[in-house]
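Residues per chain, in single letters:
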Amino acid sequence: MHLSNTTPPPGPSSPDVPVLSATGISKRFGHVTALTDVSLEVAPGEVVALMGDNGAGKSTLIKILSGALAPDSGELRVRGEQVHFANPSDARAAGIETVYQDLALADDLSAPANLFLGRERRKLGLLGRLGVLDNKRMQTEAEDYLRTLGARVPDYQAPVRMFSGGQRQTVAIARAGIWARELVIMDEPTAALGLVQTEQVAQLIKRTRDRGIAVVVISHSVPFVTDVADRIVVLRLGATAATLSPATTSHDEIVAAITGAATGTPTDPQESTP
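For clarity, every value in this text was computed on a predicted model and none was experimentally measured.

Colleague: For this particular structure, what's the right way to read the sheet that holds strand β8 (residues 214-218)?
Modeller: Pairing between the strands of a sheet comes from backbone hydrogen bonds, and it takes one of two forms, parallel or antiparallel. Pairing within the open sheet is mixed, and its 6 strands lie in the order β6-β7-β8-β3-β9-β10. The open sheet terminates on both sides in strands that have one partner only, identified here as β6 (96-99) and β10 (239-244). Ignoring strand direction, the axes of neighbouring strands in this sheet form an average angle of 20 degrees. With 4 bridges connecting them, strand β3 (residues 47-51) and β8 associate as parallel partners. Looking at β8, one finds that Val47 is bridged to Val215. Along the sheet, helix α6 (residues 165-179) contacts β6 and β7 (183-187); its crossing angle with β6, the most-contacted strand, is approximately 175 degrees. Sheet strands in contact with helix α9 (residues 251-259) are β3, β9 (231-236) and β10, and its direction is about 30 degrees off that of β9.

Structural data, given as structure tokens:
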């Protein structure tokens, strides 16, 4: 790839220093409490799934992590350093990229143009100073990066509105992964996708993780989550209900934690019942 001038590699991976640490996060909207004292840590190269019913607080939490909302109380740290995100640009500057459910793609632009949207390559010399884009370079770098993810798009010149749902999701995930230095947040990345496309998204997440980038993913799909996640954090009524290990927790136990049907739901992965 040819991204070294603008995309620093992830910092040194250490299990003792989380990529992201959120502690005691609370948020109210008027008389409605969305989050109460929620804490979350994500290690380098770890995939953490957020699960919960509608209204559990998942979307509010990721908006806080991505800089779209400010918490009423609590603390955020990136690589151990306390941060205050006034907006999503602050989060991106800290190495955090977000793939929203609506993907936020520019439908009339090509895949390379979307990958470099807002970070366009310009020609060298006078042409660059005049604002002329280097489309050939952007396409080459886009192809190189998608190849590292084992992904591809049908046509690098076509507008992404011509792509299938899975292909559009590929572009959105690749755009986040190409610029993230620390963490990629994904909101329902498999919504409305078929089985084959869902598996493609799962592979993209795993390859992003293998590059040392942490991933936080919101999903309602238990099979998908148990396939991609290292840990599952369940939110219920704005609070942390359980932290589960997919390797040692059955699908029924995960559903029980989400719905509140579980009795004595474990809060530590090692305490989960196989």
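Further notes follow.
Colleague: Hey, could you run me through α9 in this one?
Modeller: Three- or four-residue spacings in an α-helix give side chains the same orientation, since the helix completes a turn every 3.6 residues. Within α9, burial applies to Ile254, Ala256, Ala257 and Ile258. Tucked inside the fold, the buried residues of α9 contact β3, α8 (222-228), β9 and β10. With its phi angle positive at about 85 degrees, Gly260 sits one or two positions after the end of α9.

Colleague: How should I be thinking about the sheet that holds strand β2 (residues 32-42) in this particular structure?
Modeller: Read across the open sheet, the 4 strands follow the order β2-β1-β4-β5; overall the sheet is antiparallel. At either margin of the open sheet sits one strand with a lone partner, and together these are β2 and β5 (81-83). Looking at each pair of strands side by side, their axes are set apart by 30 degrees on average, direction ignored. Alignment of strand β1 (residues 20-29) against strand β4 (residues 73-78), held across 5 bridges, turns out to be antiparallel. Each bridged residue has a counterpart across the sheet, and for Leu20 the counterpart in β4 is Val78.

Colleague: It is not clear to me how the packing of aromatic side chains should be interpreted in this structure. Could you clarify?
Modeller: A ring pair, where both rings are aromatic, is described by two values, the distance of the centres and the angle of the planes. Tallying each qualifying case throughout the model produces 1 aromatic pair. When the ring of Phe116 is compared with that of Trp179, the centres are 5.8 Å apart and the planes differ by 85 degrees; the resulting orientation is edge-to-face. One end of the pair, Phe116, is in the loop between α3 (111-115) and α4 (125-129); the other, Trp179, is in helix α6, with 63 residues separating them in the sequence. A residue is classified by how much of its surface remains accessible, and Phe116, at 0% relative accessible area, is buried. What makes Trp179 buried here is its relative accessible area of 7%.

Colleague: Got a minute to help me understand a nonpolar patch on the surface in this structure?
Modeller: Nonpolar side chains collect at one region of the surface, where Leu126, Leu127, Leu130 and Val132 lie side by side and expose about 380 Å² of accessible area between them. Counting through the fold element by element, Val132 comes out in the loop between α4 and α5 (135-148).

Colleague: Before we go on, may I ask you to explain the pattern of salt bridges in this structure?
Modeller: Pairs may arise between side chains of opposite charge once their charged atoms sit close together. If you walk through the whole model with that rule in mind, you get 12 salt bridges. One salt bridge in this structure joins Asp144 and Arg147, with 3.0 Å as the shortest N-O distance. One end of the pair, Asp144, and the other, Arg147, are both in helix α5, 3 residues apart, so they sit about a helical turn from each other. Among the salt bridges present, the one from Asp210 reaches Arg209, with a minimum N-O distance of 3.4 Å.

Reading the values: the criteria
The residue numbering used here restarts from 1 in each chain and proceeds along that chain's sequence as written. It should be noted that, the model being predicted, local features are given only for residues of pLDDT at least 70 and side-chain atom pairs only at 80 or more, the latter also being counted only at that level, while totals for whole chains, interfaces and linings use all residues. Side-chain measures were taken over the full set of non-hydrogen atoms in the model, leaving aside hydrogen atoms and water. For two strands to count as paired, DSSP must find a minimum of two bridges between them. Put simply, DSSP marks the helices as runs of H or I at least four residues long and the strands as runs of E at least two long, and each gets a number from the N terminus on. Note on method: axes are straight lines fitted to C-alpha atoms, helices fitted across the in-contact stretch only, with angles between N-to-C directions ranging 0 to 180 degrees. Contact definition: two residues touch when any of their heavy atoms are within 4.5 Å. Under the scheme applied here, a residue whose accessible area is under 20% of the maximum for its type counts as buried, over 50% as exposed, and between as partly exposed, the area being computed with a 1.4 Å probe on protein chains only. Planes of paired rings set the category: under 30 degrees apart is stacked, over 60 is edge-to-face and the rest tilted, where pairs are Phe, Tyr or Trp rings (Trp by its six-membered ring) whose centres lie within 6.5 Å. Patch members must show over 30% relative accessible area and no salt bridge, and they are joined within 9 Å when carrying like charges or within 5 Å when they are nonpolar side chains of Val, Leu, Ile, Met, Phe, Trp or Tyr. For accessible areas, the Shrake-Rupley method is used with a probe of radius 1.4 Å. Any residue's cover is judged against the shown protein chains and nothing else. Salt bridge, as applied in this entry: a Lys or Arg side-chain nitrogen positioned within 4 Å of an Asp or Glu carboxyl oxygen.

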